[in-house]
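Residues per chain are reported as follows:
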Amino acid sequence: MKYVSTRDTSKTFEFKDVFIKGLADDGGLFIPEKLTKYNENEVKDFKKLSYSELAKKIVYPFIGNFMSQAELSGIIDKSYSAFRRDNVVDFIKLGDRTVLELFHGPTLAFKDIAMQLLGNFYEYYLNNENQKINIVVATSGDTGAAAIDAIKGKTNVNIFVLHPDNRVSPVQRKLMTTGKDENVFNIAIKGNFDDCQNLVKSMFADKKFSADIKMSGVNSINWARIIAQSVYYFYSYLLVENASEPTNFSVPTGNFGDVYAGYLAKKMGLPIDKLIVATNQNDILHRAISKGSYEAEKVSETISPSMDIQIASNFERLIFDLNNGDDQQTSLDMKNIKEKGQYLINEDKLNKINENFLSARMSENETLEVIKNVYKKFAVVLDPHTAIGYGAFDKHNLKGNNIVLATAHPCKFPGAIESAINVKAELPNELTFILDQKENYDIVENDIEKVKQHIKDRTQ
Ligand SMILES: *Cc1c(COP(=O)(O)O)cnc(C)c1O
């Protein structure tokens, strides 16, 4: 499979470039030139497979000549061996909805599912290339922990994680900072998540610096993450399918990565009906999908911090589709977003979006209400992100199989859970040990030169 950038389709790239670079040099996002499609019978056949077997089937065509099928097979088995469920994910039925639990990996959020695979891809690549790279990533909490767990202890790769000082939950922070591996560096930035993200962006934009340290990124625009995430849409679709009825997914959304993976599955032939983009009060995507106005506003802090975003980076991939693959138009749209902070979607395009996507916005109070009601009715504790996905189904009357993606374990957000239902959300037994481990991180000012120096000093 060959890849192109959303801003220039004249050059093609191999999976290896796509995976290591993350972002194309022209600022665009990588997408496959052509997708592998599955017909109805092929999709039905997937039903026999375990999660790992299915992942091997779905992922292989995307990675082309990066590695052999047997090597991929070994890497997938290794990646998913650390999960607390044999089939990686789990399901619970809550009334007419199915909750797809994606948080049974090492750091208790769905990001582990893609990140564990990515970590092993890095190891494989670096062993063959004999070079050393440095991953730099900004996090509002979940990405950092998932990336650290995936990279820790691997040779030829360091990871630097920037989190906003005092703005991640203590459990989220401990999952990042209590390890003892020498290739992991946690940096608490005196600022907010946007500051962290801007620092990482400036470091990537500084071609000399990024080349000097052989910088690589694992944020949610990395295509390898999207591929890995599309697998659980196939897997869950096949298990809950009531053949005669449509199947819909509700996806707690920030950067539009996870829900885009569902759209990708649909484009590959999985007959999903609707994907609901569920947002918190940082609702740029809800305004875009319901009213056609994609317009950045200030980010506000919520009880679902992993969805507190201003611009949804992966949305560019959808814009490219809406432009029927026109790279010039996509470049222009992205330039306008950057300069004017705005992208207006005409009725034609909006109709096209609504064939696949609906959206819903949940206020803070509505989110707490969902946690309360679900606990009362089913004695199940939803984390605030998952509660947003669950509540989004109340705003649309969709028939058929309704699947909510449960993106994090409630114990990561004890504050919100306690204020909703006055219950202490406990960590799984295997993880309670982190609570009294020594934490390791440096606090650095929100100053690009200081951060660069800090990283440089540790990359020798
Ligand atoms: C990252 C994250 C999300 C948002 O996913 P996107 O791919 O950025 O849309 C939702 N919930 C949780 C718990 C997360 O960690």
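Residues numbered from 1 in each chain as written. Predicted model: local features only at pLDDT ≥ 70, side-chain atom pairs only at ≥ 80, totals over all residues. Heavy atoms only, no water.

**Q** Give a detailed account of the overall build of the protein, specifying residues and quantitative values.
**A** Along the protein, the regular secondary structure elements total 19 helices and 16 strands. At 21 Å, the protein has a C-alpha radius of gyration in line with the 23 Å of a compact globule built from 460 residues. Taking the principal axes of its C-alpha atoms as reference, the protein extends roughly 60 × 55 × 50 Å. Of all 460 residues assigned to the protein, the portion counted as buried reaches 59%. Summarising the internal contacts of the protein: among those between residues at least 6 apart in sequence, 74% fall at separations of at least 24. Accessible area for the protein stands at about 18,700 Å²; split by element, carbon and sulfur atoms hold 45% of it. Across the protein, the 56 positively charged side chains and the 61 negatively charged ones have centroids separated by 1 Å. (Helix = DSSP H or I, 4+ residues; strand = E, 2+ residues; numbered from the N terminus. Rg over C-alpha atoms; globule rule 2.2 N^0.38 Å. Buried < 20%, exposed > 50% of the residue type's maximum accessible area, 1.4 Å probe, protein only. Contact = heavy atoms within 4.5 Å. Areas by Shrake-Rupley, 256 points an atom, 1.4 Å probe, with all protein chains shown as cover. Lys, Arg positive; Asp, Glu negative; His and termini not counted. Charge placed at Lys NZ, Arg CZ, Asp CG, Glu CD.)

**Q** How would you sum up the sheet that holds strand E3 (residues 30-32)? Please name residues and give values.
**A** With antiparallel pairing, three strands are arranged side by side in an open sheet as E2-E1-E3. Of all the strands in the sheet, the pair left with one neighbour each is strand E2 (8-13) and E3. If you compare each strand with its neighbour and ignore which way they point, the axes differ by 40° on average. (Pairing = 2+ DSSP bridges. Axes fitted to C-alpha atoms, helices over the stretch in contact; angles between N-to-C directions.)

**Q** Could you give an account of the site of the ligand, with specific residues and numbers?
**A** As a matter of local geometry, the ligand sits amid 15 residues, with Lys111, Asp142, Gly254, Asn255 and Asp258 nearest to it. Within the backbone of Gly257, a nitrogen or oxygen atom sits 3.2 Å from an oxygen atom of the ligand. Note that a nitrogen atom of the ligand is positioned 2.9 Å from one of the side-chain N or O atoms of Thr407. Considered on its own, the ligand offers 380 Å² of accessible surface; in the complex 96% of this is hidden by protein. (Near = heavy atom within 4 Å. Polar contact = N/O pair within 3.5 Å; in protein donor to acceptor, adjacent residues only side chain to side chain.)

**Q** Give me the packing of aromatic side chains: which residues, what numbers.
**A** Within the structure shown, the criterion is met by 29 aromatic pairs. Taken together, a centroid distance of 6.4 Å and an interplanar angle of 50° make the contact between Tyr3 and Phe15 tilted. Taken as a pair, Tyr3 in strand E1 (residues 3-5) and Phe15 in helix H1 (residues 15-21) lie far apart in primary sequence, twelve residues in all. A single burial state applies to Tyr3 and to Phe15, both of which are buried. A ring pair is formed by Phe160 and Phe185, whose centres lie 4.6 Å apart and whose planes are at 10°; its orientation type is stacked. (Phe/Tyr/Trp six-rings, centres within 6.5 Å; stacked < 30°, edge-to-face > 60°.)

**Q** I'd like to hear about the side chain of Arg287, residue by residue, with values.
**A** With respect to the helices, strands and loops of the structure, Arg287 is situated in helix H12 (residues 284-291). Here Asp283 takes part through its side chain, which lies 2.9 Å from a polar atom of the side chain of Arg287. Excluding anything up to four places from it in sequence, Arg287 contacts Gly292, Ser293, Glu295 and Glu297.

**Q** Explain the nonpolar core to me, using residue names and the numbers behind them.
**A** With 139 residues, the main nonpolar core has Phe121, Tyr233 and Phe315 as its most contacted residues. When residues no more than four places from it in sequence are discounted, the contact partners of Phe121 are Phe15, Phe19, Val59, Ile63, Phe66, Met67, Leu72 and Ile75. Among the nonpolar cores identified, the runner-up in size contains 18 residues, and Phe193, Met203, Phe209 and Ile455 belong to it. (Core = buried A, V, L, I, M, F, W, Y, C linked by side-chain atoms within 4.5 Å.)

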